[in-house]
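Coordinate analysis (summary)
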Amino acid sequence: MELTVSIRKQLRSFELVADFAVQDEVFALLGASGCGKSMTLKCIAGIETPDSGRIVLNGRVLYDSELGIDLSPQQRHIGYLFQNYALFPNMTIKENIGFVASGPASERSAKVQENLERFGLKELADAYPHELSGGQQQRAAFARILAADSELLLLDEPFSALDGYLKWQLELELGDVLKSYHGTALLVSHDRGEVYRLAGKAAVIKQGRLEQVHTTKDLFKNPETLAATLLTGCKNISQAKQVAKQRIWAEDWALELAVAAGVPENIRYAGIRAHFLELRSQAGENTYPMEIVQIIEDVFSYLVMIRRQGTSAKPIRWELPKAVWEEYSSRKTELYVYIPPEKIILMQQ
Amino acid sequence: MEISPLIITLETAGAATVVTFFAGIGLALMVVRMNRFKGLADAIITLPMVLPPTVVGFFLLLLLGKRSSLGRFLLQWDISLVFTWKAAVIAAVVVSLPLMYRTARGAFEQLDPNIIHAARTLGVSEWRIFWHILVPNARAGILAGVVLSFTRALGEFGATIMFAGNIPGKTQTMSTAIYAAVQANDYELAFDWAMVIVVFSLVFVMLMNWWIAHTDKGAALWN
């Protein structure tokens, strides 16, 4: 399975620019809402038409503005899972699946039975979509996509309409669906956890611009850009500049920090994830005395807002296990916090 | 009581409704899909609903009458429309079309566009989408449009009398018969026809309401 996309499309307030290739993997587009990520999927499926560019699936040209090729959605054979599942409301689940299955009658009914069974929908075969829960509707939508023999699976915020536990269950079930596509799918999401768990590769999309493609692990470890850092869930960002080869001045935090990697001259921001800060009892490299701005008790951890002692710097969010914080609180000693140099994210843009 | 006005009215309204049904749905789909000039197209199609029917009839005369170029063109094949049964149908179509168009358009616009998109990506042809998805899911609106345009055609007067005339046994409908009866001072006959129209219209609107309430699963679907 191979998909290459290179498209441009002028949208209301920005231009969508997306260039990427996907090969036998789950590829995720991570972005805030309204950034153009769903539009990218719609262009691939043929629901929307780009202004220019080229889309090729398994050597088949789906769209090419120069050659004047623009296949209809029907000709593209791309399965699109809509956020609201878009089941046909006037048909039962069985009819929904049968309506899109191709081939002679016997083959069609075999496909219906096979997919009803595979997704545990046999008891719901004669129910209408509005009688189903969100999770059941999603299963029915998957069953319908598989019955239509599509070559590629596009997932548009597949779990955002579902609540916690159900979401988790369906995420596990998605694994089975992906096997039918040799593990290939294009996922659009604003949920970093979802992207991290499901996708092998990912790219951040901001205001229509697709940033560089990384393996998901690399993207979260070293997001490179401000947009990527924020979208991967980093809560602490400061403006920063280089002071030495491996030292930066983090302006918002009023901290001078050693970093593990070489600092590029044109560095603009530095970031540190809330759970990478460490408690210390005395000063040292990257270790500063801190004052507490606010303490918030969360379900399994404490969120402590801290800033460098004696300054009015922007508070840094620190997330730590309850036991660690409670142990510290009982000691009533001065608070020192260590920022590990290898965990500091540097951003040039 | 000569019953020909009743027969002519039912035939005219029936024929007009068949035309209106297809034309109204077609125009509704066309306008829904338009990107430019949507407002203009909508206004032109809706115009006969807000213009005085006599104006509509007058324009039909101008457009299709024997003195118009189109009228002369049709005369070459011995087709003359003015003051015929066909003219009554055309008049009824033009005045009832906006009702069908507007109700159908409203019903189409309420459909979730993702349902259509999903059908397309799943390989369903545009024709099957139309008959098996668009029409069934918009059926309440389409049904309402059919009944409204049929009852409108039943009572059509102004455009009909201008364009089709009031020829007993040929183009005289119930509403033009009432006019003729009143002019002839036959109030009894006028009253009878008036009651027939009221009863017919009432029955059709009630049928529509019953039908929509009992056959439509749609109301519950849009949750």
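Residues numbered from 1 in each chain as written. Chains lettered and ligands numbered in written order. Predicted model: local features only at pLDDT ≥ 70, side-chain atom pairs only at ≥ 80, totals over all residues.

**Looking at the overall build of chain B**
Assigned secondary structure in chain B consists of twelve helices and zero strands. With the principal axes as the frame, chain B shows a C-alpha extent of 65 × 45 × 30 Å. By residue count, 40% of the 223 residues in chain B fall in the buried class. Within chain B, contacts between residues separated by at least 24 positions form 77% of all contacts whose residues are at least 6 apart in sequence. (Helix = DSSP H or I, 4+ residues; strand = E, 2+ residues; numbered from the N terminus. Buried ≥ 20, exposed ≤ 12 C-beta atoms within 10 Å, placed from the backbone. Contact = placed C-beta atoms within 7 Å.)

**Observations concerning the overall build of chain A**
Check the secondary structure of chain A and you find ten helices and 22 strands. When the backbone C-alpha atoms are referred to their principal axes, chain A occupies close to 75 × 50 × 30 Å. Counting every position in chain A, which comprises 349 residues, the buried fraction comes to 41%. The contacts in chain A between residues at least 6 apart in sequence include a share of 64% that link residues at least 24 apart.

**Things to note about the nonpolar core**
Judged by nonpolar contacts, the single largest core of 124 residues is most densely connected at A:Ala28, A:Leu154, A:Leu187, B:Ala91 and B:Phe163. Broken down by element, this core gets its largest block of residues, 16 residues, from helix H5 (residues 85-110) of chain B. Contacts of B:Ala91, omitting those with residues within four sequence positions, involve B:Gly57, B:Leu60, B:Glu156, B:Ala159, B:Thr160, B:Phe163 and B:Ala164. Counting 27 residues, the second-largest nonpolar core is a separate cluster that includes A:Ala240, A:Ile248, A:Tyr269 and A:Ile316. (Core = buried A, V, L, I, M, F, W, Y, C linked by C-beta atoms within 7 Å.)

**Things to note about the sheet that holds strand S14 (residues 247-250) of chain A**
Paired through their backbone hydrogen bonds, the strands of a sheet run either parallel or antiparallel. Residues and elements named next belong to chain A. Here five strands make up an open sheet; going across it, the order is S15-S14-S13-S16-S22 and the pairing antiparallel. The open sheet has two free edges, formed respectively by strand S15 (255-258) and strand S22 (345-347), since each of these has just one partner strand. Averaged over all pairs of adjacent strands, the angle between their axes in this sheet comes to 40°, without regard to strand direction. For strand S13 (residues 236-244) and strand S16 (residues 269-272), the ladder comprises four bridges, and the chain directions are antiparallel. Across the sheet, Ile237 pairs through a bridge with Gly271, a residue of S16. (Pairing = 2+ DSSP bridges. Axes fitted to C-alpha atoms, helices over the stretch in contact; angles between N-to-C directions.)

**Comments concerning the domain arrangement of chain A**
Domain assignment breaks chain A into domain 1 (2-223) and domain 2 (236-347). Taken over C-alpha atoms, the centre of domain 1 of chain A sits 40 Å from the centre of domain 2 of chain A. (Domains from an automatic or database assignment.)

**Points about the sheet that holds strand S19 (residues 301-308) of chain A**
Residue and element names in this part refer to chain A. As summarised here, the arrangement of the five strands in space is S17-S21-S18-S19-S20, forming an open sheet in which the pairing is antiparallel. The open sheet has two free edges, formed respectively by strand S17 (278-280) and strand S20 (316-321), since each of these has just one partner strand. Shown here is a sheet whose adjacent strand axes are inclined to one another by a mean of 50°, direction ignored. Examined bridge by bridge, strand S18 (residues 287-297) and strand S21 (residues 336-338) share three bridges and lie antiparallel to one another. Considered in S21, the bridge of Tyr288 is made with Val337. Each of S17, S19 and S20 is contacted by helix H10 (residues 322-331), which is oriented at about 100° to S20, the strand it contacts most.

**Details of the interface of chain A and chain B**
How big an interface is tends to be stated in terms of accessible area lost as the parts join. Taken together, the 21 residues of chain A in the interface contact 19 residues of chain B. Those elements that place two or more of their residues in the side of chain A that touches chain B are helix H2 (73-76), strand S7 (78-81) and helix H3 (93-100) of chain A. Top element by residues in the side of chain A that touches chain B is S7(A). It accounts for three residues. Looking at the side of chain A that touches chain B residue by residue, the class counts come to 13 nonpolar, seven polar and one charged. (Nonpolar A, V, L, I, M, F, W, Y, C, P; charged D, E, K, R; others polar.)

**What to know about the packing of H3(A) against helix H4 (residues 105-118) of chain A**
When two helices pack together, you describe them by how their axes are tilted relative to each other and by the distance separating the axes. Residue and element names in this part refer to chain A. At a closest axis distance of 9 Å, the pairing of H3 and H4 adopts a crossing angle of 130°. By the angle between their axes, H3 is oblique relative to H4. Our pair here, H3 against H4, has a crossing hand that is right-handed. Across the interface between the two elements, Lys94, Ile97 and Gly98 of H3 pack against Arg108, Val112, Asn115 and Leu116 of H4. Residues belonging to the contact of H3 with H4 are distributed by class as follows: three nonpolar, two polar and two charged. (Parallel < 35°, antiparallel > 145°, perpendicular 65-115°, else oblique. Left-handed = near helix turned anticlockwise from the far one by under 90°.)

**Looking at helix H2 (residues 38-50) of chain B**
Its 13 residues place the ends of H2(B) 18 Å apart at the C-alpha level, agreeing with the 18 Å of an ideal helix rising 1.5 Å per residue. At B:Ile44, H2(B) is deflected by roughly 30°, the largest bend along its length, and proline B:Pro48 occurs up to four residues later in sequence. (Expected span 1.5 Å × (residues − 1). Bend = angle between axes of the 7 residues up to and from the residue.)

**So, the pairing of S13(A)**
With four bridges joining them, S13(A) and S14(A) adopt antiparallel strand pairing. Across the sheet, residue A:Lys241 finds its bridge partner in S14(A), namely A:Trp249.

**Some points on the packing of helix H1 (residues 4-33) of chain B against H5(B)**
All names here are of chain B. Here H1 crosses H5 at 40°, and the two axes come no closer than 6 Å. By the angle between their axes, H1 is oblique relative to H5. Handedness of the crossing formed by H1 with H5: right-handed. Partitioned by chemical class, the residues of the contact of H1 with H5 number 22 nonpolar, four polar and two charged.

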